[in-house]
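Structural description and commentary
Spelled out, the chains give:
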Amino acid sequence: MTLTELRYIVTLAQEQHFGRAAERCHVSQPTLSVGVKKLEDELGVLIFERSKSAVRLTPVGENIVTQAQKVLEQAQGIRELAQAGKNQLAAPLKIGAIYTVGPYLFPHLIPQLHRVAPQMPLYIEENFTHVLRDKLRTGELDAIIIALPFQEADVLTKPLYDEPFYVLMPAGHPWTGKHTIDSELLNDKSLLLLGEGHCFRDQVLEACPTLHKGEEASKHTTVESSSLETIRHMVASGLGVSVLPFSAVDSHHYSPGVLEVRPFTPPVPYRTVAIAWRASFPRPKAIEILADSIRLCSVARPQLVEEKQPA
């Protein structure tokens, strides 16, 4: 039994697909299949139930994978303990961020972090919250930047900044005559939202009282994309209006006269962006420097906290 084989079964349990699991493990599919079968033969049990259409854990396999994940976390802890004996700011830091934060935060964060910790380069990944959560637990990422609420056993979180939402519209839209937009107005089919799985989509639906999940949500135009920039392009083309977080408002290359942005009428909906990391992570100074650098970025302006309204 090897750590590599344990990593194979944990990844396969998460992906439920040999091809995707092999890709995540950076091996060929046959190599992963042989490794999984070798471990099953050694243990004398089937960890996975295989069919042409699916790969599922057996009951005993669920217990084995749970224990394997703990072993991998402990093994990663050994590596990190060894690294902690060195300069905590002299090794790469593996950071993940949700899709609606990363593109607007990292261009500001990286120069700032390079000034205060030049020997700590970042490995960066953008993904959905649930994927980042899994990678944080398995040690593939050291810290993740997400929107609250976020709860996970043995994981610490620290709020970083509050970010208000703004309404984005084409320049010729009737609402451009308004100074602020009432959230109750966002109830027609021309509202463009990200697809299912994006926490920002859920936050917009929760923040605006006339937008509801389920049947009501299905009435709104959705864009099955991981990018707010796709939404912005569709708004610019005149397809509808949308809602953006503050950090994404000015991050575009459109000429004046194409897009217009308006704040919400108080109480202004907002999200709280936070950092999460394993409680056992042995480089607390690296997390502290990262959190401080994010707060100093332009996307985390101090006045955002002052503008915060009950949502």
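So, here's what we can say about the structure. (Residues numbered from 1 in each chain as written. Predicted model: local features only at pLDDT ≥ 70, side-chain atom pairs only at ≥ 80, totals over all residues. Heavy atoms only, no water.)

1. Some words on the overall build of the protein chain
Note the cut-off: Starting at the N terminus, helices and strands are each numbered in turn, a helix being any DSSP run of H or I of at least four residues and a strand any DSSP run of E of at least two. Burial classification: accessible surface area is computed with a 1.4 Å probe over protein chains only, and a residue below 20% of its type maximum counts as buried, one above 50% as exposed, and the rest as partly exposed. Here, two residues are considered to be in contact whenever any of their heavy atoms come within 4.5 Å of each other.
Within the protein chain one finds 10 helices and 11 strands. The 311 residues of the protein chain split such that 47% are buried. In the protein chain, once contacts between residues fewer than 6 apart in sequence are set aside, the share between residues at least 24 apart is 74%.

2. As for helix α2 (residues 18-25)
Cut-off, in case you're wondering: What the arc covers is the set of directions going from the helix axis to the C-beta atoms.
The set of residues buried in α2 consists of Phe18, Ala21, Ala22, Arg24 and Cys25. With its buried residues spanning 160° around the axis, α2 presents them on a single face. Looking at the buried residues of α2, the elements they touch are α1 (3-15), α3 (29-43), β1 (48-50), β2 (55-57) and α6 (129-137). Immediately beyond the C-terminal end of α2, within one or two residues, lies His26, with a positive phi of roughly 60°.

3. As for the packing of aromatic side chains
Aromatic rings in a pair are described by how distant their centres are and how their planes are angled relative to each other. Short version of the rule: Within 6.5 Å between ring centres, the rings of Phe, Tyr and Trp (the latter by its six-membered ring) count as paired, and their orientation is classed by plane angle as stacked under 30 degrees, edge-to-face over 60, tilted in between.
Summed over all chains, the structure comprises 2 aromatic pairs. Note on Tyr99 and Phe128: the rings are 5.1 Å apart at their centroids and 80° apart in plane angle, and the pair reads as edge-to-face. With Tyr99 in the loop between β3 (93-98) and α5 (102-116) and Phe128 in the loop between β4 (122-127) and α6, the pair connects residues that are 29 residues apart, well separated along the chain. Both rings, one in Tyr166 and one in Phe246, keep their centres 6.0 Å apart while their planes meet at 45°; by these two values the pair is tilted. With Tyr166 in strand β6 (residues 155-170) and Phe246 in the loop between β9 (241-245) and β10 (259-263), this pair connects stretches of sequence that are 80 residues apart.

4. What to know about the environment of Val273
Following the sequence through the fold, Val273 ends up in strand β11 (residues 270-278). Sequence separation of Val273 and Leu160 is 113 residues, and the distance between their C-alpha atoms is 5.7 Å. Discounting chain neighbours no more than four positions away, the residues touching Val273 are Val101, Ile145, Ile146, Ala147, Pro159, Leu160, Tyr161 and Glu163.

5. Section: the side chain of Thr11
Following the sequence through the fold, Thr11 ends up in helix α1. Looking at Thr11, the relative accessible area reads 6%, which means it is buried. Not counting residues within four places of it along the chain, the set of residues in contact with Thr11 comprises Ala21, Arg24 and Cys25.

6. With respect to α5
How we decide: Expected helix span is given by 1.5 Å per residue-to-residue step, counting one fewer step than there are residues. Fitting axes to the seven residues ending at a residue and to the seven starting there, one defines the bend at that residue as the angle between these axes.
With 15 residues, α5 should reach 21 Å at 1.5 Å per residue; the first-to-last C-alpha distance of 20 Å fits that figure. The sharpest bend along α5 comes to roughly 30°, located at Leu109, with the proline Pro111 sitting one to four residues further on. On its buried face, α5 is in contact with β3, β4, β5 (143-147), α8 (228-236) and α9 (284-296).

7. A few points about the packing of α1 against α3
Which entries qualify depends on this criterion: Between N-to-C directions, angles span 0 to 180 degrees; the directions come from axes that are lines fitted to C-alpha atoms, helices contributing only their stretch in contact. Each angle receives one of four descriptions, namely roughly parallel if under 35 degrees, roughly antiparallel if over 145, roughly perpendicular if within 65 to 115, and oblique otherwise.
Across the interface, α1 lies against α3 with an axial gap of 9 Å and an inter-helix angle of 105°. When the interaxial angle is binned, α1 and α3 end up roughly perpendicular. For the pair α1 and α3, contact is made by Glu5, Leu6, Tyr8, Ile9 and Leu12 and by Thr31, Leu32, Gly35, Val36, Lys38, Leu39 and Glu42, respectively.

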